[in-house]
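Residue strings, one per chain:
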Amino acid sequence: MSFFSRYKDYAPLRSDASTTKSNSRKYTLLLTVALIAASGILNVVLYSKLSKRWPVPLDNYQHLNVQPIVNEEFLSTIGPLDPSENAIVTSLYTDSYATAIATLGHSLNRVNSSAGRILFYLPEKVSPRALCIATSSGFVPHAIERIPPPHGGRGVYAHFLDQYSKLQLWTLADRGIKGVVYLDADTLVMSNFDELFALPYGFAAVPDVYVDEQGFALAFNAGVLFVRPSRAVFDDMLAKIATASYNAHEAEQSFLNHYFGAEALRLPYVYNANLAIKMRKPELWEDVRREARIMHYTLVKPFLAEMDNSGKTVVEMRGMEANVQNKMSQYGGKFEDELKDWVEIWRETRRTYADAFTQCSSKSASLPS
Ligand SMILES: *[C@@H]1O[C@H](CO)[C@@H](O)[C@H](O)[C@H]1NC(C)=O
């Protein structure tokens, strides 16, 4: 039987009635599908209208709160601190940060900070000249033992390889120190923050800010820390840096976020005024900068040679102003004002400690062998 004859055989079965019936079934099906689709779309539209996803409040920042950040009445109850029990600590791991630390020390003197000053340094990595410069404005040198990154430093960004040494802060308990404010060497103090030493907590820090999609993070930035030193906490942390699970890239910052993640007190952004805020939300930066206690030169470091984030090249004092001037065009000139702030305090530092700096220049600029 040929195909055509078969077709002929079957053809009569397709009566007009059955064609209409199958067509109407098709329409019903189409209508049902269309209704389901329409209802689906309506649901999505309504859901997104009713449950509008707001940006995080900081990305939606408005100048709302105009109250002082620290309660004035409370401030007046804090007398001068005992500098043998309360210390501001920074660290020198490479010569290129020495001038920055001299400037940081002067910025602390300007605001009459009443805490003691301690400079952590790695004796094997710092020249006598750099140590002399860094301590010229009041920091007292304190040699520390380097804490190597776990697993031979695998996965750690090269410029963070010495950063686990920061954990030595907790060993200051052995010297009777009860409160520490740690400042990274790329910070600058704009006004007094003695009130931090009155905190009843063991650990406080400011949340981190990123220019990329991470934005206003929940994790804190380890460039400014309040710490109550404790030998027991130090030993406990050291026992865990190699076994805890965390992103190795950001070294001690990542570890500390895991160790203190649920207990860290969140401090206002003015205690770690990170330049990244200006990129992320200029309205917030206006308020933070006006009230800033501590500026943090994260994205642009005025004192480092251009294109040298590893800090291997030392910018000489006589070339420092020109160096900062060169940096003003970075990020389309966005940080000109902040760089001017730094240069202004640097100029004062250079004038104020001119004699000390002259003495430093006679010291060796090579690393101890
Ligand atoms: C710091 O103390 C000096 C001397 O007591 C005073 O003249 C100056 O105004 C104080 N500076 C600040 C910022 O409080």
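Preceding this paragraph is the structure being described.
Each value, and the rule that gives it
- Residues numbered from 1 in each chain as written.
- Predicted model: local features only at pLDDT ≥ 70, side-chain atom pairs only at ≥ 80, totals over all residues.
- Heavy atoms only, no water.
- Axes fitted to C-alpha atoms, helices over the stretch in contact; angles between N-to-C directions.
- Helix = DSSP H or I, 4+ residues; strand = E, 2+ residues; numbered from the N terminus.
- Parallel < 35°, antiparallel > 145°, perpendicular 65-115°, else oblique.
- Contact = heavy atoms within 4.5 Å.
- Nonpolar A, V, L, I, M, F, W, Y, C, P; charged D, E, K, R; others polar.
- Buried < 20%, exposed > 50% of the residue type's maximum accessible area, 1.4 Å probe, protein only.
- Right-handed = clockwise from strand over helix to strand, strands pointing away.
- Left-handed = near helix turned anticlockwise from the far one by under 90°.
- Pairing = 2+ DSSP bridges.

1. Digging into the packing of helix H4 (residues 98-110) against helix H11 (residues 336-352)
In a pair of packed helices, the angle between the axes and the distance between the axes together describe the arrangement. H11 packs onto H4 with a crossing angle of 90 degrees between their chain directions and a minimal axis gap of 9 Å. Between H4 and H11, the crossing angle belongs to the class labelled roughly perpendicular. Across from Thr99, Ala100, Ala102, Thr103, His106, Ser107 and Arg110 in H4, the residues of H11 making contact are Trp342, Ile345, Trp346, Glu348, Thr349 and Thr352. Partitioning the contact of H4 with H11 into residue classes produces five nonpolar, six polar and two charged.

2. Points about unusual backbone geometry
One non-glycine residue, Asn112, lies in the positive phi region at around 55 degrees. Overall, the relative accessible area of 61% leaves Asn112 in the exposed class. In this model, Ala251 sits at a positive phi of 50 degrees, which is unusual for a non-glycine residue. Look at Ala251 and you get buried, because its relative accessible area is 0%.

3. Thoughts on the pairing of strand E1 (residues 86-92)
Working note: regular strand, side chains alternate between the two faces of the sheet. Of all seven residues making up E1, seven are buried, and the element is well covered by its neighbours. Every second residue of E1 is oriented toward a common face, with Asn86, Ile88, Thr90 and Leu92 on one face and Ala87, Val89 and Ser91 on the other, all of them buried. At this point the chain moves from E1, through H4, to the parallel strand E2 (residues 116-121), and the crossover so formed is right-handed.

4. Concerning the packing of helix H6 (residues 231-240) against helix H7 (residues 251-260)
One can describe the packing of H6 onto H7 by two numbers: an axis separation of 12 Å at closest approach and a directional angle of 115 degrees. In this structure, H6 meets H7 at a crossing whose hand is right-handed. Contacts between H6 and H7 involve Val233, Asp236, Met237 and Lys240 from the first element and Phe255, Leu256, Tyr259 and Phe260 from the second. Counted by class, the contact of H6 with H7 contains six nonpolar, no polar and two charged residues.

5. Digging into H7
Most of H7 is tucked away, with eight of its ten residues classed as buried. The set of residues buried in H7 consists of Ala251, Glu252, Gln253, Ser254, Phe255, Leu256, Asn257 and Phe260. Check the buried side of H7 and you find it contacts strand E6 (203-209), strand E7 (216-227) and H6.

6. Examining the sheet that holds E7
Read from one edge to the other, the open sheet built from seven strands follows the order E3-E2-E1-E4-E7-E6-E8, with strand pairing classed as mixed. Of all the strands in the sheet, just strand E3 (140-143) and strand E8 (265-266) have a single pairing partner and so form its edges. Strand direction decides the pairing type here: strand E4 (residues 179-183) and E7, joined by four bridges, are antiparallel. Paired with Val180 across the bridge in E7 is Val227.

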